[in-house]
Structure formats: structure tokens, C-alpha cells
Amino acid sequence: MPEGDTVLQTATRLHAALAGRVLTRSDLRVPRFATADLTGRSVLDVTARGKHLLTRIEGGLTLHSHLRMDGAWRVFAPDERWRGGPGHQIRAILGNAEHTAVGYRLPVLELLRTSEEDRAVGHLGPDLLGPDWDPGLALDQLLAAPDRPLGDALLDQRNLAGIGNVYKCELCFLARVTPWTPVGTLPDGMLPRLVALAERLLHANRDRPTRTTTITSELRTPPNETPSPARHAPPPPARPRTRPPVRVQERLYVYGRARRPCLRCGTPIRLADQDDRPTYWCPGCQSGPTP
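Residues numbered from 1 in each chain as written. Predicted model: local features only at pLDDT ≥ 70, side-chain atom pairs only at ≥ 80, totals over all residues. Heavy atoms only, no water.

**Description of the pattern of salt bridges**
Close approach of charged atoms lets side chains of opposite charge pair.
Point 1. Inspection of the entire model under this criterion finds 12 salt bridges.
Point 2. In this structure, R158 and D156 form a salt bridge, with 2.8 Å as the shortest nitrogen-oxygen distance.
Point 3. E250 is the salt-bridge partner of R257, the closest N and O atoms lying 4.0 Å from each other.
Point 4. A residue is classified by how much of its surface remains accessible, and R257, at 4% relative accessible area, is buried. (Salt bridge = Lys/Arg side-chain N within 4 Å of Asp/Glu carboxyl O. Buried < 20%, exposed > 50% of the residue type's maximum accessible area, 1.4 Å probe, protein only.)

Right, here's the structure in full:
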């Protein structure tokens, strides 16, 4: 699922393949821009802004795309077979003498003036992986709606840009609160720590091929015993262990693990929708309201 870290990886690949080279092929397969011809223009750069991609092209143009749930850009060599989906799912093709970038299942694709990029991304809050990252501003915007559920607030790109549904679930687990917990009821100091943790997690995964939120030294306690605290979560009251812990083998704590045992306490992970998004949590480790 594309989130800020994977979108940045996509931007890096596209920039390496396209930037500084003249387009010899251009095909935008959306009705509004089907007649646009970008051939003969150089690609200046490709950058990520939150979960948006901006491909800037000579002549003051920007190709704006968003991957949402299952969109993807793939880069191919001239003689390489295209892989990424059937042909009818292709929405964009940008090619030069050395590479061809193919956009599959892109729900958002528009060509706009570079000077008007704010129409596409001006609403975004500070970017967790961008040069404009401002944790204080992100915190202020999250606190502006104290009755809002934490999960919804984290997903709102106007508050901070880059968090998707996977990170939403994992961050709430690490904070030991459910995603339905109102922002204003969080204990003092928890929200600033959570914002800082979000930045660290996305930075830790910006170059990884597989997203990982579990800490390599994190240990799981067997069921009915005290969980070991996460590095960034407030520690529970100390109790003696009665059995040795088991090392974590999973890359994610809760996301995609419905009905499987929690890596900390062994309680089966629960699954419910929050604003039509599958949301995972551990009823043993996470306190707060639930559906």
C-alpha cells in the first residue's frame, strides 16, 4: 500500500530514470490530457510531496499523480517486458532513449503549470519526509480538533503528510491506544512522542524494500504475562516475567494480522472499519474506545 515512504522510493526511481533526459515517448491515457504531447521536452526532476508525485518538465509543466490504494509507476529498460498489470490499466507512459516509465491504475493524473502546483498539493500539512517538516505545526494541527479520533487525525494529510492506513494502525499500537481514541484525551506528552515516532518510522523505511515497524530488539511476552514496552511507548508498571520472551519475526505489529496473536501479549488482533478503512488493533495492549 503506497504511503509516504514508498512514494518517496517511487519518486527516487523515476528521477533516476527520467531527470535530465529528453522525452521521446509521451502518452497520457486520461481523456482530459489524451492529446497532450510532451515529447522533445526534458524532465527536470521528480519529487514526492506527502503521497503525491510531481514530475516537473521543461516548459513550466508538472505531471501530478497520486497512487492512492493500488496505483504504481514501473521503470523498464528498452527491451524489457512491461510488468505491472494489463494494458488497459496503463494511464501514463513517459519514455526516453534509456528508460520507459509506465503508470498503472493511477486514480489521479493531471498536467498543470508548475507555477500552479499548489492547486494539487497546497492543502498538505508538513511532509514527514520533506524539507518542510515541522513537528510543531503538525502537533498544532492535530490538536486543533481534540474530539477527532486519533486514527482519522493521523490520516488527514492536512495535518501531516505521508501517513497511510498501515502507519496509522502501527502508530496507534506503539502508543498503546486505539485508533478511535479522541486526540484531546491522550495523556500529556504522548502526541508529541507519537509525531516524532512517525517521522522516525518513515525515515527508517524510506530505503527499505519491505516496510518494517517492529523493532529488532522487541520481545514478545507469552499470553497472560506483562508485555515488554516499545522503545517509544510509555512503559507500563513493571512486573516480573515468568517465562522467557519469544523474539519477533514479523515486520508489522498489527496491520494485516487479524485474529493472529499479538506480538507483545498474545491476544488475538482485532479488525474493524474506521471510515471504510480496515483498522487493526490489539485489545490487550491498546486502551480506549472501540467500535
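**Quick look at the pairing of strand β3 (residues 52–57)**
Point 1. β3 sits mainly inside the fold: five of its six residues count as buried.
Point 2. Pairing analysis gives six bridges linking strand β2 (residues 43–49) to β3, with the strands arranged antiparallel. By the bridge assignment for β3, A48 is matched with L53.
Point 3. Connecting the antiparallel pair β2 and β3 is a turn made up of two residues, with G50 showing a positive phi of about 60°.
Point 4. Pairing of β3 with strand β4 (residues 61–66), which is carried by six bridges, proceeds in the antiparallel orientation. Within the sheet, the bridge partner assigned to H52 lies in β4 and is H66.
Point 5. Turn length for the β3-β4 hairpin, with the two strands adjacent in sequence and antiparallel, is three residues, and the turn residue G59 shows positive phi of about 100°. (Helix = DSSP H or I, 4+ residues; strand = E, 2+ residues; numbered from the N terminus. Pairing = 2+ DSSP bridges.)

**Digging into the packing of aromatic side chains**
Point 1. This structure, assessed with the given rule, holds four aromatic pairs.
Point 2. Taking the centre distance of 6.1 Å and the plane angle of 15° together, the rings of F76 and W82 count as stacked.
Point 3. In this structure F76 comes out as buried when scored by relative accessible area, which is 1%.
Point 4. Stacked on the ring of Y253, the Lys or Arg R264 has its end atom at 5.5 Å from the ring centre. (Phe/Tyr/Trp six-rings, centres within 6.5 Å; stacked < 30°, edge-to-face > 60°. Lys NZ or Arg CZ within 6 Å of the ring centre and 35° of its normal.)

**Here's the deal with the sheet that holds β2**
The pairing of strands in a sheet happens through backbone hydrogen bonds and is either parallel or antiparallel.
Point 1. Taken together, the four strands give an open sheet; going across it, the order is β2-β3-β4-β8, and neighbouring strands pair in antiparallel fashion. The open sheet has two edge strands, β2 and β8 (108–113), and neither has a second partner. Across the sheet, the mean angle separating the axes of adjacent strands is 20° when strand polarity is ignored. (Axes fitted to C-alpha atoms, helices over the stretch in contact; angles between N-to-C directions.)

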